[in-house]
Amino acid sequence: MSPERINPAELSPPAGFSHAVAASGSRLVFLAGQTALDTAGKVVGATLPEQFERALSGLLAALAAAGGTPADLVRVTVYAVDVAAYRSHAPELGRIWRRLAGRHYPAMAVVGIVRLWDVDALVELDGIAVLDDRPTRR
């Protein structure tokens, strides 16, 4: 894939996201929402950063299974039950993102919500990736 990250000068400078991402490739991968579930289906992590790391790890694991890498992400939506907490933890969440996904920032949005499917979940991430035509790992 050849992503082109577009950040027009007339918009505020992006921090931890790109305003737009143009991508060429032959496969679209739609990544389901991931929360901080462990392999037994239980929410783990008491803090937002702990849950964010687990959710992002899950999103990246699903992407890798489809044959992609973090650089292939073109869109990520973050659903947070407490946007104020998300904003206050933003520097730490940014460090987690860079450690796990690098500095290839997709177009992103953070959406405040009342609650998630699992009542103990604080955050959920879903995404879209564009990949070159390559085999899928299952």
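Look up a bit, the structure's there.
Because the structure is a prediction, the values reported are computed rather than measured.

Asks: Which residues make up the overall build of the chain, and what values do they have?
Replies: Assigned secondary structure in the chain consists of three helices and six strands. In sequence order, the secondary structure elements of the chain are arranged as β-β-β-α-β-α-α-β-β. Relative to the compact-globule value of 14 Å for 138 residues, the chain shows a C-alpha radius of gyration of 15 Å, a close match. Considered along the principal axes of its C-alpha atoms, the chain spans approximately 40 × 40 × 25 Å. The 138 residues of the chain split such that 33% are buried. Put simply, of all contacts in the chain between residues at least 6 apart along the chain, 76% involve residues at least 24 apart. A total of about 7600 Å² of accessible surface is found on the chain, and carbon and sulfur atoms cover 55% of it.

Asks: Account for the packing of helix H1 (residues 48-65) against helix H3 (residues 90-101), naming residues and giving values.
Replies: Interhelical geometry of H1 versus H3 gives an angle of 25° and a closest axis separation of 10 Å. In this view, H1 runs roughly parallel relative to H3, as classed from their interaxial angle. Crossing geometry of H1 relative to H3 is assigned as right-handed. Contacts between H1 and H3 involve Leu48, Pro49, Phe52, Glu53, Leu56, Ser57 and Leu60 from the first element and Glu92, Leu93, Ile96, Trp97, Arg99, Leu100 and Ala101 from the second. Across the contact of H1 with H3, the residue classes tally to ten nonpolar, one polar and three charged.

Asks: Pulling in residues and values, what's your account of the pairing of strand E6 (residues 123-131)?
Replies: Extensive coverage of E6 is indicated by the burial of seven of its nine residues. Pairing analysis gives six bridges linking strand E3 (residues 27-34) to E6, with the strands arranged antiparallel. Paired with glutamine 34 across the bridge in E6 is leucine 125. Across seven bridges, the pairing between strand E4 (residues 73-80) and E6 is antiparallel. Residue pairing for E6: leucine 73 is matched across the bridge by alanine 129.

Asks: Pulling in residues and values, what's your account of the layout of surface pockets?
Replies: When its volume is computed, the largest pocket comes out at roughly 420 Å³. Lining of the largest pocket is provided by 16 residues; of these, Ala15, Gly16, Tyr86, Ala90 and Val110 occupy positions nearest its centre. Going through the elements one at a time, helix H2 (83-88), H3 and strand E5 (107-112) are the ones with two or more residues in the lining of the largest pocket. Among the elements that line the lining of the largest pocket, the one with the most residues is H3, at five residues. Its residues placed into classes, the lining of the largest pocket shows twelve nonpolar, two polar and two charged.

Asks: If you had to explain H3 to someone new, which residues and values would you point to?
Replies: Over its twelve residues, H3 runs 15 Å from end to end, which matches the ideal 16 Å to within 8%, given 1.5 Å per residue. When H3 is considered as a whole, its buried residues turn out to be Leu93, Gly94, Ile96, Trp97 and Ala101. Projected onto a plane normal to the axis of H3, the buried residues spread over an arc of 160° and lie on a single side. Looking at the buried positions of H3, the neighbouring elements they touch are H1, E4, H2 and E5. Backbone geometry just after H3 places glycine 102 at a positive phi near 80°.

Reading the values: rules and limits
- Residues numbered from 1 in each chain as written.
- Predicted model: local features only at pLDDT ≥ 70, side-chain atom pairs only at ≥ 80, totals over all residues.
- Heavy atoms only, no water.
- Helix = DSSP H or I, 4+ residues; strand = E, 2+ residues; numbered from the N terminus.
- Rg over C-alpha atoms; globule rule 2.2 N^0.38 Å.
- Buried < 20%, exposed > 50% of the residue type's maximum accessible area, 1.4 Å probe, protein only.
- Contact = heavy atoms within 4.5 Å.
- Areas by Shrake-Rupley, 256 points an atom, 1.4 Å probe, with all protein chains shown as cover.
- Axes fitted to C-alpha atoms, helices over the stretch in contact; angles between N-to-C directions.
- Parallel < 35°, antiparallel > 145°, perpendicular 65-115°, else oblique.
- Left-handed = near helix turned anticlockwise from the far one by under 90°.
- Nonpolar A, V, L, I, M, F, W, Y, C, P; charged D, E, K, R; others polar.
- Pairing = 2+ DSSP bridges.
- 1 Å grid on protein atoms, 1.4 Å probe; cavity = no way out; pocket = protein on both sides within 12 Å on 5 of 7 lines; lining within 4 Å.
- Points joined across faces, edges and corners; volume = space filled by probe spheres on them.
- Expected span 1.5 Å × (residues − 1).
- Arc of directions from axis to C-beta.

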